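# Coordinates in review
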Amino acid sequence: MAYINENYNKLKAGYLFPEIARRVKAFTEANAEAAKRLIRCGIGDVTEALPEAVRTAMHKAVDEMGDRNTFRGYGPEQGYDFLRNAIAEHDFKSRGLNIEADEIFISDGSKCDTGNILDIFGAGNKIAITDPVYPVYVDTNVMAGNTGDANEAGAYAGLHYLKCTPENGFVADIPSEPVDLAYLCYPNNPTGAVATRAQLEAWVKYALANGTTLLYDAAYEAFIRDPELPRSIYEIEGARDCAIEFRSFSKNGGFTGVRCGIVVIPKGLMGKTKAGGKQAIHPLWSRRHSTKFNGTSYIVQRGAEAIYSPEGKAQVKALIEHYMGNATLLVEACKKAGLAVYGGVNAPYVWVGCPNGLTSWQMFDKMLNEANVVITPGSGFGSAGEGYFRISAFNSRSNVEEVCRRIAALV
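The structure contained in this document is the topic of the report that follows. (Residues numbered from 1 in each chain as written. Predicted model: local features only at pLDDT ≥ 70, side-chain atom pairs only at ≥ 80, totals over all residues. Heavy atoms only, no water.)

### Some remarks on the overall build of the protein
Looking only at helices and strands, the protein features 12 helices and 15 strands. At 21 Å, the protein has a C-alpha radius of gyration in line with the 22 Å of a compact globule built from 411 residues. Dimensions of the protein, computed from C-alpha atoms along their principal axes, come out at roughly 55 × 55 × 55 Å. Here the protein holds 411 residues, and 53% of them are scored as buried. Within the protein, counting contacts between residues at least 6 apart in sequence, those at least 24 apart form 73% of the total. Total accessible area on the protein stands at roughly 18,000 Å², and carbon and sulfur atoms take up 50% of it. If you average the places of the 43 positive and of the 46 negative side-chain charges in the protein, the two averages end up 2 Å apart. (Helix = DSSP H or I, 4+ residues; strand = E, 2+ residues; numbered from the N terminus. Rg over C-alpha atoms; globule rule 2.2 N^0.38 Å. Buried < 20%, exposed > 50% of the residue type's maximum accessible area, 1.4 Å probe, protein only. Contact = heavy atoms within 4.5 Å. Areas by Shrake-Rupley, 256 points an atom, 1.4 Å probe, with all protein chains shown as cover. Lys, Arg positive; Asp, Glu negative; His and termini not counted. Charge placed at Lys NZ, Arg CZ, Asp CG, Glu CD.)

Encoded structure:
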C-alpha cells in the first residue's frame, strides 16, 4: 500500500462549510415543510445573475471556439495578455500603483491560490494567522505539514495566532515577535472588518523590518465604500518588497461558479534560501503555475475582461450596491434586536454576537430550527470566533428583508 499524507489526519472532523451542509441536509430531510421556508445566508455564495456585459463577452467567446479560424486550445498558463493588461490598467495603474501586467497571474480562484501559494515556500517558516480566520489558510498549512496537532480549542501547534476582538476592531495587532509569513484579509472574511491605511502601514513596516512576506487577501476590495480605506496592499509604500496580493472576480463579478482569480507577485519580492541567499519569488510561482495549472479557460477570461468595459463597470457597481444594501438592512435588523454587530459597512459580511450566552453552534441550530435561516457559526473560523455568527449579504433583497423579520421575531 502507498503511504498517505498523514498531515490530513490532523485536520478537524470536517471543513466548516461541508459540516454546515450536512446539518442543513439533515434538517431538510426531517422537516419537509420548514425546508420550504429555508433561506441560506451562510456560505458566501452570490445569488444574482452574471452581468450582461460578461454574458455577452462569453457568448462571443463561445462562438469563436466554434470556428476553426478563431478556436483556441491551450492558452498561456499565466493568463491571456488581454486580461492581464486590463487588470493592470484598471485595478492598479489607474490608481497610481506600479503593477505590471506580467506581475499578474490568472487562476481559477483566490481560494485555490491562497492554498497553492504554500508550494513555493519551504518547511520551517513561522506562520501568523488572524483568529477568527478564513479556514483555508489554516487547513492548507496543516495539509502541507507546517503545523503540529490541534489542541482542545482547535488551535494548531506551530501557528502564531493573532487574536481579533472588539477591542482591536477585529484588525490583527502587529506580532510581538518576527514571523516569516503572515496572512491578512481585508475587508475581512468573516468579521467584515477593514484595515485603515495607518494599520497597513504598520504591517508593511513590520514586514520590511523582519523579512516577513505578507499574504494579502483582497478578494472583497470592491465592497469598500470609504474612499479613505486602502483597496490594495500596494497602496502602501514598500509593499512591493514584502507582499503578495490575492484578488477574485467571484464576489464583485458573480464568478463563484465561473471561477477566475488573480495573484499579484512583484518581480522584486524575495525569499530566502537555506544557504542564506535571496531568491525572487515571482519565477518560482510562474514555474509552479506552469507545471500544475493549464490556465483559466479563454471563455472565462473574456468574461472577466468585460468587467472592465464601461458597461461592465456600471453593472458590477449595481451588483455591489445591491449586496451592500442587503448588508445595511441586516446590520440595522440585528442592532434593533439588541445584538452586538460588526462589519457590513465596507464588506458584505455581518458579524454578530450570540445572545443570551449561546455558543456559535447553538445559535446556528436555533436559527436553523426556529427561524429556518442558515448562518455561519463563528467558532468555525477559529476559537476567537466562539460566541459570534456570520450572516452573508449575498442574497435577493426579498430574502434579506424576510431574514430581518425573522431575526426580530426570534431574538
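So much for the structure itself; the text now carries on.
### A word on the sheet that holds strand β3 (residues 127-131)
Strands sit in the order β2-β8-β7-β6-β5-β3-β4 across an open sheet of 7 strands; the sheet is mixed. Two strands close off the open sheet at either side, each with one partner strand: β2 (104-107) and β4 (159-163). On average, each strand axis in the sheet is tilted by 20 degrees relative to the strand beside it, whichever way the strands run. Summarising the sheet, β3 and strand β5 (residues 181-185) pair through 2 bridges and their orientation is parallel. Among the inter-strand pairings, Ile-127 is bridged to a residue of β5, identified as Leu-181. Across the sheet, helix α6 (residues 135-143) touches β3, β4, β5 and β6 (213-217), and the angle it forms with β5 is around 155 degrees. Together, β4, β5 and β6 form the strand contacts of helix α7 (residues 197-210), whose direction differs from that of β6 by roughly 150 degrees. (Pairing = 2+ DSSP bridges. Axes fitted to C-alpha atoms, helices over the stretch in contact; angles between N-to-C directions.)

### With respect to the sheet that holds strand β14 (residues 376-377)
Spatial strand order, β11-β12-β15-β14: 4 strands in an open sheet with antiparallel pairing. The two strands at the open ends of the sheet, each matched to only one other strand, are β11 (341-343) and β14. Examined bridge by bridge, β11 and strand β12 (residues 349-353) share 3 bridges and lie antiparallel to one another. Looking at the pairing, Gly-343 lines up with Val-350 of β12.

### Details of the packing of helix α10 (residues 310-336) against helix α12 (residues 397-410)
Between α10 and α12, the least distance of the axes is 9 Å, while the angle of their chain directions is 5 degrees. Here α10 lies roughly parallel to α12, going by the angle between them. Residue-level contacts link Glu-321, His-322, Gly-325, Asn-326, Leu-329, Leu-330, Ala-333 and Cys-334 of α10 to Arg-397, Val-400, Glu-401, Val-403, Cys-404 and Ile-407 of α12. (Parallel < 35°, antiparallel > 145°, perpendicular 65-115°, else oblique.)

### What about the packing of helix α11 (residues 360-371) against α12?
The N-to-C vectors of α11 and α12 enclose an angle of 105 degrees; their axes lie 11 Å apart at closest approach. Classified by the angle their axes make, α11 and α12 are roughly perpendicular. Each of Lys-366, Met-367, Glu-370 and Ala-371 in α11 lies in contact with α12, whose residues at this interface are Arg-406, Ile-407 and Leu-410. Looking at the contact of α11 with α12 residue by residue, the classes come out as 4 nonpolar, no polar and 3 charged. (Nonpolar A, V, L, I, M, F, W, Y, C, P; charged D, E, K, R; others polar.)

### As for the side chain of Ser-248
Within the secondary structure, Ser-248 is located in strand β7 (residues 243-248). By relative accessible area, which is 9% here, Ser-248 ends up buried. At 2.9 Å, the side chain of Ser-248 forms a polar contact with the backbone nitrogen of Ser-250. Contacts of Ser-248, omitting those with residues within four sequence positions, involve Ser-110, Ala-219, Cys-260 and Gly-261. (Polar contact = N/O pair within 3.5 Å; in protein donor to acceptor, adjacent residues only side chain to side chain.)

### Re the environment of Phe-364
When you line up the elements, Phe-364 lands in helix α11. When its relative accessible area of 0% is taken as the criterion, Phe-364 is described as buried. Separated by 322 residues in the primary sequence, Phe-364 and Gly-42 have C-alpha atoms spaced 9.6 Å apart. Residues within four places of Phe-364 in sequence aside, it is in contact with Ile-20, Arg-23, Val-24, Val-374, Ile-375 and Pro-377.

### Here we look at helix α9 (residues 298-306)
Along α9, the residues that are buried comprise Tyr-298, Val-300, Gln-301, Gly-303, Ala-304 and Ala-306. Of the surrounding secondary structure, the elements contacted by the buried residues of α9 are α3 (52-65), α4 (81-92), β2 and α10.

### What about the pairing of β2?
Neither face of β2 is exposed, since Ile-104 and Ile-106 on one face and Phe-105 and Ser-107 on the opposite face are all buried. Across 4 bridges, β2 lies against strand β8 (residues 261-264) in antiparallel orientation. Across the sheet, residue Ile-104 finds its bridge partner in β8, namely Val-264.

### Observations regarding the nonpolar core
Side chains of a nonpolar character, in soluble globular proteins, are inclined to be buried together. If you look at the biggest cluster of nonpolar residues, it comprises 102 residues, and the most contacted ones within it are Phe-249 and Ile-391. With residues up to four places along the chain from it excluded, the contact list for Phe-249 reads Leu-83, Ile-87, Gly-254, Phe-255, Cys-260, Ile-262, Ala-304, Ile-307 and Tyr-308. Membership of the second largest hydrophobic core comes to 26 residues, among which are Leu-118, Val-263, Leu-269 and Ile-281. (Core = buried A, V, L, I, M, F, W, Y, C linked by side-chain atoms within 4.5 Å.)

### What to know about the pattern of salt bridges
Going through the model one piece at a time under the given rule, you end up with 23 salt bridges. For Asp-131, the salt bridge is made with Lys-163, and the minimal N-O distance between the two is 2.7 Å. Pair noted here: Asp-131 is in strand β3 and Lys-163 is in strand β4, with a separation of 32 residues, a long-range link. Glu-402 is the partner of Arg-405 in a salt bridge, and the nearest nitrogen-oxygen pair spans 2.9 Å. Taken together, the positions of Arg-405 and Glu-402, both in helix α12 and 3 residues apart, correspond to about one turn of that helix. (Salt bridge = Lys/Arg side-chain N within 4 Å of Asp/Glu carboxyl O.)

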